[in-house]
Structures are given as C-alpha cells and as structure tokens.
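# Inside the fold
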Amino acid sequence: MKLKKDMRREQMLDVAMQIVRDQGADELTLGTLAAKAGVSRPIAYGHFSTRSGLLLALFKRLEENYVHRLRSALCEAPKELTAVADIISKAYFNCLADFGPEGLAISAALKGTEEMAAQQRLMIRAYIDLMCNALRPFSELEVGHLHPVCVGLLGAAEALASETQTGAISERVATSVLAALIIKGVTSEPSKVR
C-alpha cells in the first residue's frame, strides 16, 4: 500500500522508535529501518538523509509531543500563578520520565553533534518563550527582566533534574521546589531584579 509522504515518514518514525525500544539506539540505521518498515533504502534515505537525521527526527518528535502536552495543560489551567507554576514544574519532570530510556538513548546517540546542539538551543529558546508567555500575566516584571528570570528557572530545573537522577532528592521534592522558585521568581519586585 502506497502511503502519502508525510504518512510514510510517521510510519517510519514509529518503526524507528520501536527499534530503539527493542534493540537500542546503536542498532538503528537507515538500512535496518528500511528493512523493518518494508520500504527501500532510497525511501528511508530520502526522508532522513543520514542516521543522525533520523535520530534527530525522533528527538524532535519527542520534544513536539512534550510541548503540545504542556501547551494543552496550560490552556486548561486555572488562571492563577500557583496552578501555572505547578503545571510547568510537573510538565518538566514528566517530560524527563516520558522521554524514557528511548529518549535518553536517542539523546546520547546524538550527543556532541552540531545538529543536536542546534536543536537543543532551539528547544531551550522555545521552552523559555513558552514559560515567559505563561507567566507574564502574573508578573510585574518587564519582558526584558522576565526572560532572564525564566532562563534562570530553566537552569534550576536542570540542576534539580540532575539531583533526581542521582537519587539525591525525590521527583516530588524537585517538582515542589521548582514550582516555588517559579512563583518567587516572577513575583519579585521589579526594582530588585536588574
């Protein structure tokens, strides 16, 4: 059955994720993808060009799912700072859990590539913009101050995540601390943030 190009791409990404899940990221090549997806190698290469391109497409897909879920949750949230801070905090730590071993394996396989570094920069910018937009209604900080506060909050989230991964603190504690930092960060008096 001939699929439309975008449907074929999604089908191949599903198969690629299954290969990573079952056999690990090291086993994922465009050749194994083509064989498992029942397509020719030129079709697989036509969609992804390189193994890194395929891995990056999988990583982007995971990110897009996360951002979509976060936006949906923020749209449905009560319009109060505590609720929004809780959603942002929970979403950050749920994202780490949702990435699961497959996401970590994909990220590790791409580590050190310029494509991954560029994608991570884009992801960080998009996440900071999402945070700023969600928190702006609750803050008296100017955008020029709110943006760096959100940069700092994301850095705090990464540090807390590192501590949860080593078992030094629980995810419940990390989530609670990040929500408190968000609330404190966006409600600081503008004159005290320079």
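See the structure printed just above.
These lines cover the structure that appears in this document, whether it is placed above or below. (Residues numbered from 1 in each chain as written. Predicted model: local features only at pLDDT ≥ 70, side-chain atom pairs only at ≥ 80, totals over all residues. Heavy atoms only, no water.)

### Focus: the packing of helix α1 (residues 5-23) against helix α3 (residues 41-48)
Operational definition: Note on definitions: angles span 0 to 180 degrees between N-to-C directions of axes, and those axes are lines fitted to C-alpha atoms, for helices only across the stretch in contact. Only DSSP runs of H or I with at least four residues qualify as helices, and only runs of E with at least two residues qualify as strands; both kinds are numbered from the N terminus onward. The cut-offs work like this: below 35 degrees is roughly parallel, past 145 is roughly antiparallel, 65 to 115 is roughly perpendicular, and the gaps in between are oblique. By definition in these notes, contact holds between two residues if any of their heavy atoms fall within 4.5 Å. Here the nonpolar group is Ala, Val, Leu, Ile, Met, Phe, Trp, Tyr, Cys and Pro; Asp, Glu, Lys and Arg are the charged ones; every other residue, Gly included, is treated as polar.
Running from amino to carboxyl end, α1 crosses α3 at an angle of 95°, the nearest separation of the two axes being 11 Å. When the interaxial angle is binned, α1 and α3 end up roughly perpendicular. Along its contact with α1, which presents K5, R8, R9, M12 and L13, the element α3 presents I43, A44, H47 and F48. Its residues assigned to classes, the contact of α1 with α3 shows five nonpolar, one polar and three charged.

### Side note on the packing of α1 against helix α2 (residues 30-37)
Where α1 contacts α2, the two axes come as close as 9 Å, and the packing angle between them is 110°. The angle between the axes of α1 and α2 places the two elements in the roughly perpendicular class. Residue-level inspection shows R8, Q11, M12, V15, A16, I19 and Q23 of α1 in contact with α2, the latter providing T32, L33, K36 and A37. Its residues assigned to classes, the contact of α1 with α2 shows six nonpolar, three polar and two charged.

### Points about helix α7 (residues 143-166)
Quick reminder: α-helices carry 3.6 residues per turn. Residues three or four places apart thus point the same way. Spelled out, the test is: Expected span, for any helix, means 1.5 Å times one less than how many residues it has.
When the terminal C-alpha atoms of α7 are compared, their 35 Å separation across 24 residues agrees well with the 34 Å that a helix rising 1.5 Å per residue should span. Backbone geometry just downstream of α7 places G167 in the positive-phi region, at approximately 85°.

### Comments concerning the nonpolar core
Nonpolar side chains in soluble globular proteins tend to end up buried together. The following threshold applies: In this description, a nonpolar core means a group of buried Ala, Val, Leu, Ile, Met, Phe, Trp, Tyr and Cys residues linked to one another through side-chain atoms lying within 4.5 Å. Relative accessibility under 20% of the residue-type maximum defines a buried residue, over 50% an exposed one, and the middle range a partly exposed one, all with a 1.4 Å probe and only protein chains included.
Among the nonpolar cores identified, the biggest contains 34 residues, and L70, L74, I88, Y92, Y127 and L135 are the most heavily contacted of them. Elements with a minimum of two residues in this core: α4 (51-76), α5 (81-110), α6 (114-135), α7 and α8 (171-187). A total of nine residues in this core trace back to one element, the largest contributor, which is α5. With residues near it in sequence (within four places) discarded, I88 still touches L70, L74, Y127, M131, A134, L135 and I182. M17, L58, L62 and I106 belong to the second largest nonpolar core, which has 26 residues in total.

### Quick word on the pattern of salt bridges
Oppositely charged side chains can pair when the atoms bearing their charge come close. For the record, the criterion: For salt bridges, the criterion is a side-chain nitrogen of Lys or Arg within 4 Å of an Asp or Glu carboxyl oxygen.
This structure, assessed with the given rule, holds three salt bridges. Residues D14 and R61 are paired through a salt bridge, measuring 2.7 Å at the closest nitrogen-oxygen approach. One end of the pair, D14, is in helix α1; the other, R61, is in helix α4, and 47 residues separate them in sequence. Its salt-bridge partner being E114, residue R121 comes within 3.0 Å of it at the nearest N-O pair. Residue R121 is classed as partly exposed on the basis of its relative accessible area of 41%. Each of E10, D14 and R61 takes part in salt bridges that share partners, so that together they form one network.

### Details of the environment of G144
In this structure, G144 sits in helix α7. For the pair formed by G144 and N94, sequence separation is 50 residues and the distance between their alpha carbons is 29 Å.

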